[in-house]
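What follows is the residue order along each chain.
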Amino acid sequence: MAENLLIVESPAKASTIKKYLGKNFEVKSSFGHIRDLSKKNFGVDVKNDFKPSYVLDPKKSKVIKELKDAVKNAKTVWLASDEDREGEAIAWHLAQVLKLKEENSKRIVFNEITKKAVTKAIEHPRTINQDIVNAQQARRILDRLVGFELSQLLWKKVKSSLSAGRVQSVAVRFLVDREREIIKFEAAASFKVVAIFTFIDDKGKKVSFKAVLKQKLKDKKTALKFVNTCLKSEFEISSVETKPSKRSPLPPFTTSTLQQEASRKFGFSVAQTMTVAQKLYEAGKITYMRTDSVNLSNDAIANNKELILEKFGKKYLKIRKFKTTAKGAQEAHEAIRPSSMVRKASSDRNQQKLYELIFNRTLASQMADAIFDKTNVTIDISNSPEQFVAKGEVLKFDGFLKAYNYLDEDNKKEKTEILPPLKEKQKLDIDTLTATERFTHHPARYTEASLVKKLEELGIGRPSTYAPIISTIQKRGYVVKESRDGVKRNYNEIVLKNGKITESKKSEIANAEKKKLFPTDIGMVVNDFLSEHFDKIMDYNFTANVEKDFDKIANGKIIWHKMLGKFYTDFHKVVESTTENAERNAGERVLGEDPKTKRKVVVRIAKYGPVVQLGQTEDKEKPQYASLNKEQHLETITLEEALALLEDGGNGKLLGDDPKTGKSIFARIGKFGPLVQLGKYDDEMKEKPQFANLLKGQTIDTITLVQAIKLFELPRTIGKFEEKVVVVGIGRFGPFVLHDGKFVSLKKTDDPMKIEIDRAIELIGDKRKLEKERHIKDFPKNKDLKIIKDRWGRPCVHYKKKYYRIMDKDTDPKKLTEKACLKIVGK
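Just so it is clear, the structure is predicted and the values come from calculations on it, not from any experiment.

Novice: I'd like to hear about the pattern of salt bridges, residue by residue, with values.
Specialist: A full pass over the atoms with the stated rule returns 44 salt bridges. A salt bridge links Asp 551 to Arg 85, with the shortest nitrogen-to-oxygen separation between them at 2.5 Å. Remark: Arg 85 occurs in helix H3 (residues 85–97) and Asp 551 occurs in helix H15 (residues 540–554); sequence separation between them is 466 residues. Ionic pairing is found between Arg 759 and Glu 762, a salt bridge with its closest N-O pair at 3.1 Å. Pair noted here: Arg 759 and Glu 762 are both in helix H19 (residues 757–774), with a separation of 3 residues, about one helical turn. When its relative accessible area of 43% is taken as the criterion, Glu 762 is described as partly exposed. One connected set of salt bridges, linked through shared partners, spans Arg 139, Asp 143, Arg 166 and Glu 547.

Below, the structure written as structure tokens:
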């Protein structure tokens, strides 16, 4: 038996480290955290300095037993979890659960999994840093308290089963604020004028180049007048300015910049980038991938220098020391870089792509500037004070661009043309002049990568939290990431060619979105509620300052439970105050009395969002409700506006009347999300209204009457398969096909309004095939229990709709007994 036991959090990391250590070391994995806060009483004793109550993860019982057995046989236990706060906390939890003593346990860290780094770490062990552990504990406890208390409040005030988080809610606010900017935005038109000029060069050859009018023209009348002026004008170059310029390489990657660049170049999601980077790190190919530092070690700089001199020569070398500008960055860490400067890292395509990106960026960071000659040419118009401008550049020395060209085809805005030789007073002919109507564009929606950039700029979150934040807000249904088709837009074009002016109308697809983040209706309602009642938590600067407090705890400058006490005392008072008001009057604001019924009219936050309520729950007649429109707010709505909403049907935004039935159609939030409603709720209601869920991409704020009417065509029967009817509809989880009592989800590319029987049969077949491939074993005597593969292909015990991982990779799932499976699920 080995004298040394080294514990890491990942089995992949363990297998890599095993290669570097001798027989005297046994390497085992904890498979991440082995315990967490209890869910009972928040898992925190608030009155006793926020003392946490931890419970073991029942899914890790076998792992914990194996680790305890291994500890008994080892003289020294080495805790080698990651070097960040999460890793330090994992090491501390292991020490607590395994009852390790300081004299026979050591903490080691390394930012790359190489023989040199691991050996050096073992030669320089330390103890667990309790300040870093406390910083992680403070974050976990604060997020638990805020999350649990806000969630309970949301259940009472907005909608059941909702949840909220401290940082996640701020991230949603970014998206909601931007969406409202876009909704209010009105595009303004103007005309951009582009000319193709020609001249005969010294060799008698006709040469052409492009120039753009300095100013955009305000409307078609002005543009047409200008084009007519150009028809009778002469053109002459008034100035030619050529200046040298340079571009410097970007720093090596941090977590944030790697996520942004992988998104731009490869279309990777933030989570995908981190998953691929994690595999590269665990395989020993790159340094630790959760970092906000752009620092490179002296060894790394020396390795880069050697490769640059060998591959490119001395003139391409320029040693650089980059300084981190991100708020709260820790310079003690290192940037993401290759562990060794070799080109090939993996046979996996995505891993190799990401590795090459990291390799090239690291190499370029120590290379010389790229040198350009930039030329600006100004062209006068004889009959107009306006001027054309042509811009061009010539690359004189490629420098770092030899290794890493960030001005590639994905970044077309940075591209400029190469101009022919031009001189002042030179006469020009005009080949073509085009005045094209252009429109201002609304503020850009966030992508995952640009949201990470925004969070980092404001100091909200840290490298280890960016991916979880973005994943969480999508899982909660507050945000969706999707591509949306643009809309057809007409525009005017005026062309001067061969002495003739022609006008034409053209069309284009405008405002198409690709992989953007959109807030959902529920997300917007929750954001409004939290912003109204918890403005401090939703404040960007306050959230950033909390992050700074965590940093201070990690540096031993403040006491963790005192920081929590300062925050929680004020926060809890607001929760109590809001809860008390909700229980007493649900946050009602009395607007007045309905003159017809003499019943009280109030406005409040209801289960499905902000509503106007006619009457009280204690009245003989049931209250009547109306959802507020997007332009209306609880604080500003008047009695007259509220009565108009109630008159219009009492259930949301009025879209118009159904031409077939004459009934009104409304859009509102229902129990399972946004929907449209056909018919009113009123005292003389003879039949209940009909409801239809919105399609993906549709929102209450933007859906039209025509779109709403189409939704009521669902569910629709599209044919028969195996002598049973096939129906298409939309449910709480999205569009589906229903056949023989079984639901099959439609793919993103399938339109429930257009799908036909052949495609439905294909989807049914695909699901049957998938279920067959996932199935491993059934237990006839226990229908709640079976063994199947989860969505990632891993064998799991499935019990009462819940999945339980089979952690032991050596176990054959087909041989597991019913008793063994129940033990895995904790029964």
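Novice: So, the sheet that holds strand E33 (residues 795–799): which residues are in play, and what are the values?
Specialist: A sheet is described by the order of its strands in space; here 4 strands give the open sequence E31-E32-E33-E34, paired in antiparallel fashion. The sheet is open, and its two edges are formed by strand E31 (775–778) and strand E34 (802–805), each paired on a single side. Averaged over neighbouring strand pairs, the angle between their axes works out to 25 degrees when direction is ignored. Relative to E31, H19 is tilted by about 65 degrees, and along the sheet it contacts E31, strand E32 (785–789) and E34.

Novice: Explain the packing of helix H6 (residues 166–184) against H15 to me, and be specific about the residues and the numbers.
Specialist: Running from N to C, H6 and H15 cross one another at 150 degrees; their axes reach a closest spacing of 10 Å. The angle between the axes of H6 and H15 places the two elements in the roughly antiparallel class. In this structure, H6 meets H15 at a crossing whose hand is left-handed. Between H6 and H15, the residues in contact are Arg 166, Val 167, Val 170, Arg 173, Phe 174 and Asp 177 and Tyr 540, Thr 543, Val 546, Glu 547 and Phe 550, respectively. Grouping the constituent residues of the contact of H6 with H15 by class yields 6 nonpolar, 1 polar and 4 charged.

Novice: Outline the sheet that holds strand E28 (residues 724–731), supporting the account with residue identities and numerical values.
Specialist: Read from one edge to the other, the open sheet built from 4 strands follows the order E27-E28-E29-E30, with strand pairing classed as antiparallel. The open sheet has two free edges, formed respectively by strand E27 (716–721) and strand E30 (742–745), since each of these has just one partner strand. With strand direction ignored, the average angle separating the axes of adjacent strands in the sheet is 30 degrees. Pairing of E28 with strand E29 (residues 734–739), which is carried by 6 bridges, proceeds in the antiparallel orientation. Bridging from a neighbouring strand, Val 728 pairs with Val 737 of E29. Sheet contacts for H19: E27, E28, E29 and E30; angle to E27, the most-contacted strand, approximately 65 degrees.

Analysis parameters
- Numbering of residues starts from 1 in each chain and follows the order in which that chain's sequence is written.
- Totals for whole chains, interfaces and linings use all residues, but because this is a predicted model, local features are given only for residues with pLDDT of at least 70 and pairs of side-chain atoms are given and counted only at 80 or more.
- Based on all heavy atoms of the structure, the side-chain values leave hydrogens and waters out of the count.
- The rule for a salt bridge is simple: a side-chain nitrogen of Lys or Arg has to be within 4 Å of a carboxyl oxygen of Asp or Glu.
- Counting from the N terminus, the helices are the DSSP runs of H or I reaching at least four residues and the strands are the DSSP runs of E reaching at least two.
- Each residue is placed in one exposure class: buried if its accessible area under a 1.4 Å probe, protein chains only, is under 20% of its type's maximum, exposed if it is over 50%, and partly exposed if it falls in between.
- Paired strands, in this sense, are two strands between which DSSP finds at least two bridges.
- Simply put, an axis is a line fit to the C-alpha atoms, just over the touching stretch for a helix, and the angle between two N-to-C directions goes from 0 to 180 degrees.
- We call two residues in contact whenever any of their non-hydrogen atoms come within 4.5 Å of each other.
- Roughly parallel means an angle under 35 degrees; roughly antiparallel, over 145; roughly perpendicular, 65 to 115; everything else is oblique.
- Crossings are classed by handedness, with left-handed meaning an anticlockwise turn of the near helix from the far one by less than a right angle and right-handed meaning a clockwise turn.
- Residue polarity is assigned by list, with Asp, Glu, Lys and Arg as charged and Ala, Val, Leu, Ile, Met, Phe, Trp, Tyr, Cys and Pro as nonpolar; anything else, Gly included, falls into the polar class.

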